[in-house]
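Spelled out, the chains give:
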Amino acid sequence: MSVTRIAVGGERPYEVLVGHGLAGALPDLAGRAPRTVVIIHAEGLDRLVTPARAALAAAGHAVHAVAVPAGERAKEITVASRLWSALAALRVGRSDLIVGLGGGAVTDLAGFVAATWLRGVPVVLAPTTLLAVVDAAIGGKTAINLAAGKNLVGAFHPPAGVIADLDALATLPRREYVSGLAEVVKAGFIADPAILALIEDDPAGAARPGGRHERELVERAIRVKAAVVAADLREAGPREMLNYGHTLGHAIEAAEEYAVPHGEAVAVGMVFAAAVGRLAGRLDAATAGRHREILTAIGLPAAYRGAAAWPRLREAMGVDKKTRGRRLRMVVLDGLARPGILADPPEDLLERAYREVTDADRARA
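A brief structural summary. (Residues numbered from 1 in each chain as written. Predicted model: local features only at pLDDT ≥ 70, side-chain atom pairs only at ≥ 80, totals over all residues. Heavy atoms only, no water.)

**Quick word on the pattern of salt bridges**
Point 1. Under the criterion given, the structure shown has 20 salt bridges.
Point 2. Note that Asp108 and Lys75 form a salt bridge whose closest N and O atoms lie 2.8 Å from each other. Taken together, the residues Asp108 in helix H4 (residues 104-116) and Lys75 in the loop between strand E4 (62-68) and helix H3 (77-89) connect sequence positions 33 residues apart. As far as burial versus exposure is concerned, Asp108 and Lys75 are alike and both buried.
Point 3. With a closest N to O distance of 2.8 Å, Glu256 and Arg305 form a salt bridge. Pair noted here: Glu256 is in the loop between helix H10 (246-255) and helix H11 (262-279) and Arg305 is in the loop between helix H12 (285-297) and helix H13 (310-317), with a separation of 49 residues, a long-range link.
Point 4. Given the relative accessible area of 17%, Glu256 is considered buried.
Point 5. Here Arg305 falls in the partly exposed class, since its relative accessible area comes to 43%.
Point 6. Taken together, the salt bridges that share partners define one network made up of Asp135, Glu183, Lys186 and Lys225. (Salt bridge = Lys/Arg side-chain N within 4 Å of Asp/Glu carboxyl O. Helix = DSSP H or I, 4+ residues; strand = E, 2+ residues; numbered from the N terminus. Buried < 20%, exposed > 50% of the residue type's maximum accessible area, 1.4 Å probe, protein only.)

**A short note on the nonpolar core**
Point 1. Val16, Phe272 and Leu313 are the most contacted members of the largest nonpolar core, which has 123 residues in total.
Point 2. Looking at this core, the element that brings in the most residues is H11, giving 11 residues.
Point 3. Ignoring any residue separated from it by four or fewer positions in sequence, one finds Val16 in contact with Thr4, Arg5, Ile6, Val8, Ile138, Val162, Ala164 and Ile222. (Core = buried A, V, L, I, M, F, W, Y, C linked by side-chain atoms within 4.5 Å. Contact = heavy atoms within 4.5 Å.)

**Some words on the sheet that holds strand E6 (residues 123-127)**
Point 1. Strand order in this open sheet of 7 strands is E1-E2-E9-E6-E5-E3-E4, and the pairing throughout is mixed. The open sheet has two free edges, formed respectively by strand E1 (4-8) and E4, since each of these has just one partner strand. Taking each pair of neighbouring strands and ignoring which way they run, the sheet shows an average axis angle of 20°.
Point 2. As paired strands, E1 and strand E2 (residues 14-19) are joined by 5 bridges and run antiparallel to one another. (Pairing = 2+ DSSP bridges. Axes fitted to C-alpha atoms, helices over the stretch in contact; angles between N-to-C directions.)

**Points about the packing of aromatic side chains**
Point 1. Under the counting rule described, the total for this entry stands at 3 aromatic pairs.
Point 2. Aromatic pair Trp84 and Phe112: ring centres 6.2 Å apart, planes at 50°, arrangement tilted. Separated by 28 residues along the polypeptide, Trp84 in helix H3 and Phe112 in helix H4 bring together distant segments of the chain.
Point 3. By relative accessible area, Trp84 is classed as partly exposed at 24%.
Point 4. According to the relative accessible area criterion, Phe112 is buried, its value standing at 5%.
Point 5. Of the aromatic side chains, those joined through ring pairs into one cluster are Phe272, Trp310 and Tyr354. (Phe/Tyr/Trp six-rings, centres within 6.5 Å; stacked < 30°, edge-to-face > 60°.)

**A short note on the packing of helix H6 (residues 174-190) against helix H7 (residues 193-201)**
Point 1. Viewed as axis vectors pointing N to C, H6 and H7 meet at an angle of 130°, and their least axial separation amounts to 6 Å. Between H6 and H7, the angle is such that the two are oblique. Of H7, the residues touching H6 (which contributes Val184, Val185, Ala187, Gly188 and Phe189) are Pro193, Ile195, Leu196 and Ile199.
Point 2. Here the residues of the contact of H6 with H7 are counted per class, giving 8 nonpolar, 1 polar and no charged. (Parallel < 35°, antiparallel > 145°, perpendicular 65-115°, else oblique. Nonpolar A, V, L, I, M, F, W, Y, C, P; charged D, E, K, R; others polar.)

**Observations regarding the packing of H6 against H11**
Point 1. At a minimum axis separation of 7 Å, H6 and H11 run at an interaxial angle of 40°. By the angle class used here, H6 and H11 are oblique. For the element pair H6 and H11, the recorded crossing hand is left-handed. Here H6 contributes Arg175, Ser179, Ala182, Glu183, Val185 and Lys186 to the contact with H11, which in turn contributes His262, Gly263, Glu264, Val266, Ala267 and Met270.
Point 2. When its residues are assigned to classes, the contact of H6 with H11 shows 5 nonpolar, 3 polar and 4 charged. (Left-handed = near helix turned anticlockwise from the far one by under 90°.)

**Observations concerning helix H9 (residues 214-231)**
Point 1. When the terminal C-alpha atoms of H9 are compared, their 26 Å separation across 18 residues agrees well with the 26 Å that a helix rising 1.5 Å per residue should span.
Point 2. Every buried residue of H9 is accounted for by Glu214, Arg215, Leu217, Val218, Glu219, Ala221, Ile222, Val224, Lys225, Ala226, Val228 and Val229.
Point 3. Among the structural elements, E1, E2, helix H5 (130-136), H6, H7 and helix H8 (203-206) are those in contact with the buried residues of H9. (Expected span 1.5 Å × (residues − 1).)

Structure below.
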């Protein structure tokens, strides 16, 4: 099958390759000159590491593979420190290469390690989850977590390229695949309503790997993010819009010690953001309601636990990266595909919006 190449512009342009069976594309991204290549990968991904390693070795590179925990446990300073020690032992220099192979947490970690080792070495990302394919691996944002919040320590470090191999998604557990769809839905609401129409056309198909609209959904979501990050690498302006649903979403993740998948938390966060926008008089009721309809149709939660959780969540929201001083800034919609910023929303409005996402009968997060 053909390979789609999606350009990501900016100060260090690169491409996202989308297709099937793309392990053979790694050597081209690694370059012709022999170099040391370190594959940082999630545990349990031998079936994907083996062909990647073989392709790189056949091209003349000295390849080493280092496993890290899967999921958010990878994004800890102790894991990063262990990787720095491994790079030192292998004498990895600035002309060498790191490959990050795994879900979004692993690509975040690999990018962060690459950004900080010797003040920056090249990295190629090979995402293996839907969430990482459409979001985490694109844009050059790298980070690890702290107890105080998610992604608080990081760097901007664009990859040399991204390989989005759809074959890697085929065996994902349903819950993990559906979790990744939250970022696809987000792209639809903030920029490309055609995504929402495709999901509404076949919600059951959208919720499983290999569905008839999968490739188009993936490519559309990637193009949305590519366009935004090309214009604003360092999140100084339009890139903030990619955080739609993430203010409450990240707070839920922190409160649950990352036991709730990112996409499920962001799904609730989008319903909350839609409620905030509607209560602030900026979003029509129909578009706000469409959030819940689409998310629940594909199996994502649209509600969280009861009012008792609000004080802790509100405190965590104050650590959000969009906060300026003590003023909370939320991404809301002024209409479909019309994102904007709501600065310093009234506390009573936030509480009212939160009450709308505390329906225990619908909550799964």
